[in-house]
Amino acid sequence: MEPPSGPASRRHVPWNRLLLAVSLLTFWTPPTTAQPTIETMPPLAAEGSDVLLLAHNVAKNPLGYSWYRGERIDNSQLIVSYRVATNLTTKGPTHSGREALYPNGTLLIQSVTQKDTGSYMLLVTKDDLQTERQTGQIHVHLVLPTPVITSNNSKPWEHKDTVVLTCGPETQNTSYMWWISNQSLPKSTRLELSEDKRTLTVVTVTRKEKGPYVCETRNLVSISRSDPFTLDVLYPVAQPSLQVSNTTVTEHEGPVVLTCLTDETGVSIRWLFKGQSLLLADRMTLSSDSSTLTIDPVSREDAGAYQCEVSNRGNSSRSGPLRLRVTWRENAQALGVGAITGIVIGVLLVLTLLAVLGCFIFLHRGNWPPASTSGCGPSGSSVSQASLPDARPPAPIYQELLHPDTDVYCNISHKADAGP
């Protein structure tokens with residue numbers, strides 16, 4: 001079927017001219033106006049920092065700007081507005097005193113908090129009373145505080161107790177990481193992490209897992225680490241032993257060195273003498289770790305049983321007793337003094353007796369009568385004993401002492417020569 005024929009005067013337009021016209025119309029189409037955009041600086045804000053909502057591609061010579069909280073125009077959510085012609089800024093119901101609007105449409109929010117997280121809308125009024133709008137986002141994150149490690153058991157027993165360590169406080173959008181002895185956690189069946197990695201469980205703890213432990217928290221704006229935390233793992237203390245430089249020593253000699261031998265670390269040592277805490281004398285010194293006791297010089301008072309005791313926060317253990325023998329020599333000088341003292345005392349007693357006897361003789365010298373001589377002696381006279389009936393004849397020895405010129409033996413009566 002042929003198309004209907006047109007009037008004879010109708011002209012045909014060449015296709016090349018038609019394509020040219022279409023091309024020209026395409027190039028002559030006026031360009032579209034660029035839409036405004038909002039850039040948030042910084043994109044991830046830490047709580048307490050300042051945030052800028054930068055307005056880009058804003059229409060030239062606008063009549064004014066308005067910022068709203070949220071994604072729609074609502075006068076109850078107006079933050080602030082600005083009229084270019086009058087340079088007038090008007091605060092809205094949601095203005096907190098921390099917002100400032102610049103003449104180019106940029107909004108500043110100071111000291112942001114997590115409550116400031118959300119959407120913000122910019123409304124631009126152009127000179128032809130047309131409006132343009134665009135939305136920006138603010139993301140405010142908490143600056144993480146220093147975490148603290150807590151334990152469910154402050155003094156676990158080795159090979160017996162299970163310890164649960166918790167990294168706190170718990171915060172949203174936070175990741176957790178653990179370190180032990182400044183290294184990441186090793187693979188171990190006795191180290192178990194919770195799903196959020198905030199809790200670390202140490203099953204049947206040993207001294208190897210005492211730490212120190214550190215937990216680390218991270219979010220998009222901050223990283224924080226806890227102080228080191230060391231487990232106080234308790235364990236039975238092995239019995240120590242004693243070693244001495246000499247078990248028998250002479251008094252006033254020395255030194256004698258006693259050493260407490262133990263393989264334990266982190267323990268305290270104390271000394272005992274005869275089952276009681278040792279009271280250090282001036283002659284005794286302890287090493288800095290109390291493992292060595294030195295006695296110099298040795299006294300007989302130091303003789304007896306010594307022990308050392310090692311202890312940790314869980315328990316203690318004592319060594320067996322070690323007996324120190326102290327010998328001494330009798331002091332010859334002291335014995336001589338004693339003997340001399342006895343002799344002196346004896347001599348003094350003898351001298352005292354002699355002095356008393358001399359005084360007695362001297363005091364009674366004049367009371368003794370002369371002896372009867374019967375013609376004996378130089379005078380040849382004699383005194384009758386009958387004239388002194390009560391007087392007793394003096395002993396010949398005393399007569400000899402009193403009358404050395406008289407033969408006292410002439411007065412001795414020789415009864416053996418007398419007849420019956």
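Residues numbered from 1 in each chain as written. Predicted model: local features only at pLDDT ≥ 70, side-chain atom pairs only at ≥ 80, totals over all residues. Heavy atoms only, no water.

We count it as follows: UniProt positions are given in the numbering used here, feature names are shortened, and annotations may be inferred rather than shown by experiment.
Labelled according to an unreviewed UniProt entry, the chain appears under the name Ig-like domain-containing protein, originating from Bos mutus grunniens. Here the chain is described in UniProt, under the heading Sequence similarities (unreviewed entry), as follows: "Belongs to the immunoglobulin superfamily. CEA family."

## Thoughts on the packing of aromatic side chains
Short version of the rule: Aromatic rings from Phe, Tyr and Trp, with only the six-membered ring used for Trp, were paired whenever their centres fell within 6.5 Å, and each pair was classed as stacked if the ring planes differed by under 30 degrees, edge-to-face if by over 60, and tilted otherwise. The way it works is that DSSP assigns letters per residue, a run of H or I at least four long becomes a helix, a run of E at least two long becomes a strand, and they are numbered from the N terminus. Between buried and exposed lies partly exposed: a residue is buried under 20% and exposed over 50% of the maximum accessible area for its type, with that area taken using a 1.4 Å probe on protein chains only.
In total, this model carries one aromatic pair according to the counting rule given. Look at Phe-273 and Tyr-306: their rings are 4.7 Å apart centre to centre, the planes differ by 40°, and that puts the pair in the tilted class. You can see Phe-273 sitting in strand β23 (residues 268-273) and its partner Tyr-306 sitting in strand β27 (residues 304-311), a full 33 residues away along the chain. For the pair shown, Phe-273 and Tyr-306 are each scored as buried.

## Quick word on the environment of Thr-248
The line we're drawing: Note on contacts: a residue pair is in contact if any heavy atoms of the two residues lie within 4.5 Å. Any pair of nitrogen or oxygen atoms within 3.5 Å is treated as a polar contact; in protein, a donor-acceptor pairing is required on top of that, and neighbouring residues in sequence qualify only through side-chain atoms on both sides.
Note on placement: Thr-248 falls in strand β21 (residues 248-250). A relative accessible area of 29% means that Thr-248 is categorised as partly exposed. The residues touching Thr-248, leaving out its near neighbours within four places in the chain, are Arg-325 and Thr-327. In this structure the side chain of Thr-248 is engaged in a polar contact, spanning 3.3 Å, whose partner is the side chain of Arg-325.

## Describing the pairing of strand β5 (residues 78-83)
Here is the rule: What makes two strands pair is DSSP finding at least two bridges between them.
In terms of burial, β5 is a largely internal element, five of the six residues being buried. Inspection of the sheet shows strand β4 (residues 64-69) paired to β5 by five bridges, in the antiparallel sense. In the sheet register, Tyr-68 faces β5, and the bridge partner there is Leu-78. Pairing of β5 with strand β6 (residues 88-91) involves four bridges; the strand directions are antiparallel. If you follow Ser-81 over to β6, its bridge partner there is Thr-90. Counting the residues between successive antiparallel strands, the hairpin from β5 to β6 contains four residues, one of them, Asn-87, with a positive phi of roughly 55°.

## So, the state of the cysteines
Spelled out, the test is: The definition used for a disulfide is geometric: two cysteine sulfur atoms within 2.5 Å.
Here the structure, examined in full by the defined rule, presents two disulfides. Shown here is the disulfide that connects Cys-167 with Cys-215, its sulfur atoms set 2.1 Å apart. Looking along the S-S bond of the Cys-167-Cys-215 disulfide, the torsion reads about 65°, which is the right-handed sense. Here the residue Cys-167 occupies a position in strand β13 (residues 163-168), and Cys-215 occupies one in strand β18 (residues 213-218), the gap between them amounting to 48 residues. When its relative accessible area of 0% is taken as the criterion, Cys-215 is described as buried.

## Some thoughts on the side chain of Glu-158
Summarising the element assignment, Glu-158 is placed in the loop between β12 (148-151) and β13. Relative accessible area serves as the criterion here: at 15%, Glu-158 is assigned to the buried category. A distance of 3.2 Å separates polar atoms of two side chains, one belonging to Glu-158 and the other to Arg-207. Those residues in contact with Glu-158, other than ones at most four positions away along the chain, are Val-205, Thr-206, Arg-207, Val-233, Leu-234 and Tyr-235.

## Description of the pattern of salt bridges
The following threshold applies: Salt bridges, as used here, are contacts in which a Lys or Arg side-chain nitrogen is within 4 Å of a carboxyl oxygen on Asp or Glu.
Across all of its chains, the model carries 14 salt bridges by this definition. Measuring nitrogen to oxygen at the nearest pair gives 3.8 Å for the salt bridge that ties Glu-132 to Lys-126. The burial state of Glu-132 is the same as that of Lys-126; both residues are buried. One salt bridge connects Asp-232 with Arg-313, and the closest N-O pair in it is separated by 3.1 Å. Placement of the pair is Asp-232 in the loop between β19 (223-225) and β20 (241-244) and Arg-313 in the loop between β27 and β28 (316-318), with a sequence separation of 81 residues.

## Quick word on a nonpolar patch on the surface
Spelled out, the test is: Residues with no salt bridge and a relative accessible area higher than 30% make up the patches, which join like charges within 9 Å and nonpolar side chains (Val, Leu, Ile, Met, Phe, Trp, Tyr) within 5 Å. Values of accessible area rely on a 1.4 Å probe in the Shrake-Rupley scheme; residue burial ignores everything except the protein chains shown.
On the surface, Ile-340, Ile-343, Val-344, Val-347, Leu-348, Val-350, Leu-351, Leu-354, Leu-357 and Phe-360 cluster together to form a nonpolar patch covering roughly 940 Å² of accessible area. Positionally, Phe-360 belongs in helix α2 (residues 332-363). In this structure Phe-360 comes out as partly exposed when scored by relative accessible area, which is 45%.

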